[in-house]
Protein chains: 2
Amino acid sequence: MHRLDESLLAPLPPFSFLERPQIRAILDRATSRRFDEGVSVFEEGAAANSFYLLLDGTIRVVKITPDGEQVTSLHIPAGQLFGIAPSLGRDTYPATAIAASELLTLCWPTSLWHSFVTDYPGFATETYKTVGNRVAEMNNRIVEMSTQHVEQRIARALLRLVKQSGKKTEIGIEIDFPITRQDVSEMTGTTLHTVSRLLSAWEKDGLVNSKRKKIIVCDPHRLVVLGGA
Amino acid sequence: MHRLDESLLAPLPPFSFLERPQIRAILDRATSRRFDEGVSVFEEGAAANSFYLLLDGTIRVVKITPDGEQVTSLHIPAGQLFGIAPSLGRDTYPATAIAASELLTLCWPTSLWHSFVTDYPGFATETYKTVGNRVAEMNNRIVEMSTQHVEQRIARALLRLVKQSGKKTEIGIEIDFPITRQDVSEMTGTTLHTVSRLLSAWEKDGLVNSKRKKIIVCDPHRLVVLGGA
DNA sequence: CCCGAACGTTGTTCTAGAGCAACCTTTGGC
DNA sequence: GCCAAAGGTTGCTCTAGAACAACGTTCGGG
């Protein structure tokens, strides 16, 4: 394992208040791990032995129902902590984390959580801000699912992804990881058929441009309107 | 304001690790407040100036959409903290808290939050466990809304309420606060009409017994089956 | 005791979107 | 270069449940 550079962590919120030696200490206790696309980092219900920092790639957080259906709760972009069950007093992961693209992560044993929180100023508060944002996002999901139609939910889902993991291209903003119709349907509680139809319609209208496993949003503004101003 | 007794707080999770003098200190800094049914304790988006402990009654946590629709995210039973926005680094309440019944609360200025966390062992961890449970509940809501039919969602919603705020009676377990069809529909993302129809049907089947603003679950087991084993 | 508002019921209509089905397209492994 | 698997499209049917509507019932305040 080669030595990681401090500049990797220094700009990230949970570590932004720390001095170089502290970051060094954190890095020295980290294990670096790679995951292939589609592989799961941990499974719902498993003992929460580690927590992670996502260095590169995107995580899809899913729940699997007793009858095998998948529901995507959240996407986590690079630069954020994940698998931080201990922060909410859980000793087991509440959901499964799947690599939406190839991943690069750092990983610490959960036993270190407590010392991170006490030893490193700002770590706890910044981490809880992240948790707060995720909770807020989940809350929005609930409101959307209760009040909005499929078209609006899908529009918003795409906008959220674009905002979080968008990459500028000439023709629009591209979602920066492979994503299928099925994936979108699992984010919005619909079927891949409905997503496919909508995306086709939007493509005809020049709103989006999508290929196999790729979605580019060309006209975010009109999509916002569709999502319900 | 009359002096509150330490035994009020001692058994509650966030305070269960504390000595009497510490609890005394906490109580001495608390303000006790009453709220009538239907009144809101705080509103979404307002500055989070206080955090609360619910001594008696039930809180309905709602979000209101731009076009005036209400969505209930959560119910909070007596004995729990609420309005704890600061725990997730927010300076504004993420939702509105409405008194589902007459309420009795204790209330502290948010400025004390930090000292509670640092001065009182177990306070932080126990509080975050509560947050964790609420997040888990929200997660379940999302999964339910994505995969289950209205009948199952309503069945589960009732079971959740009964588990959380149930009071035994001769004919079954009663939900311990006034609750209308409309309320149930706002919890499940449906209409009061659909809820009314279902409740009528269930009543005929002897599953529930409901009057105006009252719901008694007579056969929880069969309701579990309906909710999807 | 009366009246109006809040709450609840029930019937009918209508449609969004699921379900089913068939087929096309891309891709990567051998 | 072929072919099987994964992903995507599109048409048709059918139904859960929303929307609309009209009418009961309970309750609390003056």
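Here the structure is a predicted model, which is why all the values come from computation and not from measurement.

Further remarks concern the overall build of chain A. The helix and strand tally for chain A stands at seven helices and twelve strands. Relative to the compact-globule value of 17 Å for 229 residues, chain A shows a C-alpha radius of gyration of 19 Å, a close match. With respect to the three principal axes, the spread of C-alpha positions in chain A is 55 × 40 × 30 Å. Taking all 229 residues of chain A together, 53% fall into the buried category. When contacts within chain A are restricted to residue pairs at least 6 apart in sequence, those whose partners lie at least 24 apart make up 70%. Element-wise, carbon and sulfur atoms account for 52% of the exposed surface of chain A, whose accessible area totals about 10400 Å². When the 26 basic and 26 acidic side-chain charges of chain A are each reduced to a single mean position, those positions are 3 Å apart.

Near DNA strand D, the surroundings consist of 17 residues, among which Arg-181, Ser-196 and Arg-212 of chain A together with Val-150 and Thr-194 of chain B are the closest. A distance of 3.2 Å is found between a base nitrogen of DNA strand D and a side-chain nitrogen or oxygen belonging to His-193 of chain B. Take Arg-212 of chain B: an N or O atom from its side chain is 3.4 Å from a base oxygen of DNA strand D. Secondary structure elements with two or more residues in the surface near DNA strand D: helix H6 (192-204) of chain A together with helix H6 (192-204) of chain B.

What follows deals with the sheet that holds strand S3 (residues 50-56) of chain A. The strand order across the open sheet formed by four strands is S1-S8-S3-S6 (chain A), and the pairing between neighbours is antiparallel. Each of the sheet's edge strands pairs with one partner strand only, and the pair in question is strand S1 (31-35) and strand S6 (81-82) of chain A.

This part covers the environment of Arg-156 of chain B. Residue and element names in this part refer to chain B. With respect to the secondary-structure elements, Arg-156 resides in helix H4 (residues 150-165). Since its relative accessible area comes to 26%, Arg-156 is described here as partly exposed. Expressed as a C-alpha distance, the spacing of Arg-156 and Glu-37, which sit 119 residues apart in the sequence, is 25 Å. Dropping the residues within four chain positions of it, Arg-156 is found in contact with Glu-144, Gln-148, Gly-227 and Gly-228.

Before going further, it helps to spend a moment on the pattern of salt bridges. Residues and elements named next belong to chain A. Scanning all chains against the criterion turns up 26 salt bridges over all chains. Among the salt bridges present, the one from Glu-44 reaches Lys-63, with a minimum N-O distance of 3.5 Å. On the criterion of sequence distance, the pair formed by Glu-44 in the loop between strand S2 (40-42) and S3 and Lys-63 in strand S4 (residues 59-64) is long-range, its members being 19 residues apart. The buried category is assigned to Lys-63, whose relative accessible area is 10%. Across the pair Arg-156 and Glu-144 runs a salt bridge whose closest N-O atoms are separated by 3.7 Å. Residue Arg-156 is located in helix H4 (residues 150-165), and its partner Glu-144 is located in helix H3 (residues 123-147); the two are separated by twelve residues in the primary sequence. Within the structure, one salt-bridge network assembled from shared partners comprises Glu-6, Arg-24 and Asp-28.

This part takes up the domain arrangement of chain A. Residues and elements named next belong to chain A. For chain A, the assigned domains read domain 1 (6-143) and domain 2 (150-226). At the interface, twelve residues of domain 1 touch ten residues of domain 2. Here Lys-213 and Glu-37 are joined by a salt bridge, their closest N and O atoms 3.6 Å apart. Listed by contribution, the elements that provide at least two residues to the side of domain 1 that touches domain 2 are strand S5 (70-76) and H3. Split into classes, the residues belonging to the side of domain 1 that touches domain 2 amount to three nonpolar, five polar and four charged.

Okay, the side chain of Arg-141 of chain A next. In this structure, Arg-141 of chain A sits in helix H3. Buried within the structure, Arg-141 of chain A lacks any salt-bridge partner; Glu-144 of chain A is the closest side chain of opposite charge, at an N-O distance of 5.3 Å. In contact with Arg-141 of chain A, not counting residues within four places along its chain, are Thr-72, Ser-73, Arg-160 and Met-187 of chain A together with Ile-142 and Ser-146 of chain B.

Contacts between the two partners involve 25 residues from chain B and, on the opposite side, 25 residues from chain A. Between chain B and chain A, roughly 2400 Å² of surface is buried when both sides are summed, and carbon and sulfur atoms account for 74% of that area. Among the residues of chain B in contact with chain A, Leu-88, Met-138 and Ile-142 of chain B are the three that bury the most area, contributing 24% of the side total. Across the chain B-chain A interface, the total number found is zero salt bridges.

Attention now goes to the sheet that holds strand S6 (residues 81-82) of chain B. Pairing is antiparallel across the open sheet formed by four strands, whose spatial order is S1-S8-S3-S6 (chain B). Because the sheet does not close on itself, it has two edges, and the strands there are strand S1 (31-35) and S6 of chain B.

It is worth spelling out the pairing of strand S11 (residues 208-211) of chain A at this point. Residues and elements named next belong to chain A. Across four bridges, the pairing between S11 and strand S12 (residues 214-217) is antiparallel. From the neighbouring strand, Val-208 faces S12, where its bridge partner is Val-217. Connecting the antiparallel pair S11 and S12 is a turn made up of two residues, with Lys-213 showing a positive phi of about 65°.

This part covers the relation of the copies chain B and chain A. When chain B is fitted to chain A, the best match, at an RMSD of 0.0 Å, comes from turning it 180° and sliding it 0.0 Å along the axis. The superposition of one copy onto the other is thereby described by a two-fold rotation axis. Relative to the rotation axis, the C-alpha of Ile-142 of chain B is the closest in chain B, positioned 3.0 Å from it. A share of 100% of the interface residues of chain B reappears at the interface of chain A, consistent with the copies meeting face to face through the same patch.

With that out of the way, let us pick up the environment of Met-145 of chain A. Topologically, Met-145 of chain A is positioned in helix H3. Spatially, the C-alpha atom of Met-145 of chain A lies 8.0 Å from that of Gly-189 of chain A, the residues being 44 residues apart in sequence. Those residues in contact with Met-145 of chain A, other than ones at most four positions away along the chain, are Arg-153 and Thr-188 of chain A together with Ile-142, Met-145 and Ser-146 of chain B.

Residues and elements named next belong to chain A. Counted residue by residue, S3 has five buried out of seven residues, so it is predominantly covered. One ladder, built from six bridges, connects S3 with strand S8 (residues 103-109); its direction is antiparallel. Residue pairing across strands places Leu-53 opposite Leu-106, the latter belonging to S8.

Reading the values: rules and limits
- Per chain, residues are indexed from 1 in the order of the written sequence.
- As a convention, the first chain written is A and the first ligand written is 1, with the rest following in written order.
- Local features in this predicted model are restricted to residues whose pLDDT is 70 or higher, and side-chain atom pairs enter the listing and the counts only when it is 80 or higher, whereas totals over whole chains, interfaces and linings include all residues.
- Side-chain calculation: all heavy atoms of the structure are included, whereas hydrogens and water are not.
- Per the convention used, a helix needs a DSSP run of H or I reaching at least four residues, while a strand needs a run of E reaching at least two, with both numbered from the N terminus.
- Radius of gyration here uses only the C-alpha atoms, and the compact-globule reference equals 2.2 Å multiplied by the residue count raised to the power 0.38.
- For every residue, the accessible area (1.4 Å probe, protein chains only) is compared with the maximum for its type, and the residue is labelled buried under 20%, exposed over 50%, or partly exposed between those bounds.
- Whether two residues are in contact is decided by their heavy atoms, any of which lying within 4.5 Å being enough.
- Accessible areas in this description were obtained via Shrake-Rupley with a 1.4 Å probe; residue shielding takes into account the shown protein chains only.
- In this tally, Lys and Arg are treated as positive and Asp and Glu as negative; His is ignored, and so are the chain termini.
- Working definition for charges: the position is that of NZ of Lys, CZ of Arg, CG of Asp or CD of Glu.
- Definition of nearness: a residue and a molecule or strand are near each other if at least one heavy atom of the residue lies within 4 Å of the molecule or strand.
- Each polar contact in these results corresponds to two N or O atoms within 3.5 Å; when the atoms are within protein, one needs to be able to donate a hydrogen and the other to accept it, and residues that are neighboring in sequence are counted only if both atoms are side-chain atoms.
- At least two DSSP bridges between two strands are required for those strands to pair.
- Here, a salt bridge means any side-chain nitrogen of Lys or Arg that lies within 4 Å of a carboxyl oxygen of Asp or Glu.
- For the domain bounds, the source is a domain assignment made automatically or taken from a database.
- For this classification, Asp, Glu, Lys and Arg are treated as charged, while Ala, Val, Leu, Ile, Met, Phe, Trp, Tyr, Cys and Pro are nonpolar and the rest, including Gly, are polar.
- As used here, buried area is the combined drop in accessible area, with a 1.4 Å probe, of two parts when they are placed together.
- Copy-to-copy alignment: least squares on C-alpha atoms, limited to residues at pLDDT 70 or above in both.

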